[in-house]
Amino acid sequence: MKVRDLLPPRPDDMHKGHRGRLLIVGGSERYPGAPALSALGALRSGAGVVTLLSLQTVCAACAARLPEVVYCYEDDKFRWKELAMAQKKIDAVVIGPGLDRSVATELVTSRMWREWPTKILVDGDGLNALAAVQKDLTARKDSVITPHEGEAARLLETTPDEIRADRFYAVSELSAKWGCAVLKGHHTLIASGEKFLEIKYGNPALSVPGSGDVLSGCIGAFLGMGLEPFDAAVLGATVHGMAGDYLAREGVDGVLASEIADAIRKIINALRNSKNDNNEKK
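Undergrad: Quick question: what am I supposed to make of unusual backbone geometry here?
TA: For residues other than glycine, phi is negative in most cases, and the peptide bonds are mostly trans. Positive phi values are uncommon outside glycine, yet glutamate 157 reaches one of about 55 degrees. For glutamate 157, the location among the structural elements is in the loop between helix H6 (149-155) and helix H7 (160-165). A positive phi angle, near 60 degrees, is found at histidine 187, a position not held by glycine. The residue histidine 187 is located in the loop between strand S7 (180-183) and strand S8 (189-192) in this model.

Printed below as a string of structure tokens:
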């Protein structure tokens, strides 16, 4: 199957709810922009409704740039009651972008990993939280984790050098321990059970702050659209890599993460148009 065949259909009578509803849990005073980049990545990937749960200050900062996102904020305590009410309207959740490391992050991430009823993607400091409490957690079949080599090392209780020495083994171990795993880096690797894929797209243009946040939003959007974790990861990592190749035509330096998100839209629509052209020829 070609990657373009993974793209969900777009019937003429669809509304935003048909595009999937994604919740992003992230952001902190130190990293207020990370969840905004995830939200932008999700919207540029075609998500219908994106909701951000974060600090009030983070929501206010993000709203100034992304009025298309729905915002709900928490103060001292995580709003589990509010989340419980929102579950019926959420198809998938991304947790971790910009959360920062803390005991609170560990508690929130571990509880959502155990209790959240729909598909879940964990990235960034959410992965560090999983690593800190992993003895109490088990794999989920409806999950995606997206570590870089440092985060992968913490999840596997080893060193980044060991991860780099055998990335294929590392991603297989991550998948066995957690679920669908995306090991980011040069030629990103994806594993889920017996399924395995190496992404050949991408280049140093993607090695910029916030690139991973965009990727998590992109994959999260496809999870919310109904794709299975492996397919969502493959489609998301591929279009993210292709976006990097598109931007690198003007050079690999100076690319912004927001530009990667904007390029994802171009890539997805190009793939969709090529799919439609191919169907017409048949």
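Undergrad: Sorry if this is basic, but what is going on with the environment of valine 50 here?
TA: Summarising the element assignment, valine 50 is placed in strand S2 (residues 49-55). Valine 50 gets classed as buried once you look at its relative accessible area, which sits at 1%. Expressed as a C-alpha distance, the spacing of valine 50 and serine 38, which sit twelve residues apart in the sequence, is 9.7 Å.

Undergrad: Please explain the packing of aromatic side chains as it appears in this structure.
TA: Taken as a whole and assessed by the stated rule, the structure comprises two aromatic pairs. Judged by centre distance (5.5 Å) and plane angle (80 degrees), the rings of tryptophan 113 and tryptophan 178 are edge-to-face. Placement of the pair is tryptophan 113 in helix H4 (residues 103-115) and tryptophan 178 in helix H8 (residues 167-178), with a sequence separation of 65 residues. Looking at tryptophan 113, the relative accessible area reads 3%, which means it is buried. A centroid spacing of 5.6 Å and a plane angle of 35 degrees characterise the contact between phenylalanine 168 and phenylalanine 196, whose relative ring orientation is tilted. Of this pair, phenylalanine 168 sits in helix H8 while phenylalanine 196 sits in strand S9 (residues 195-198), and the two are 28 residues apart along the sequence.

Definitions and cut-offs
- Residues numbered from 1 in each chain as written.
- Predicted model: local features only at pLDDT ≥ 70, side-chain atom pairs only at ≥ 80, totals over all residues.
- Heavy atoms only, no water.
- Helix = DSSP H or I, 4+ residues; strand = E, 2+ residues; numbered from the N terminus.
- Buried < 20%, exposed > 50% of the residue type's maximum accessible area, 1.4 Å probe, protein only.
- Phe/Tyr/Trp six-rings, centres within 6.5 Å; stacked < 30°, edge-to-face > 60°.

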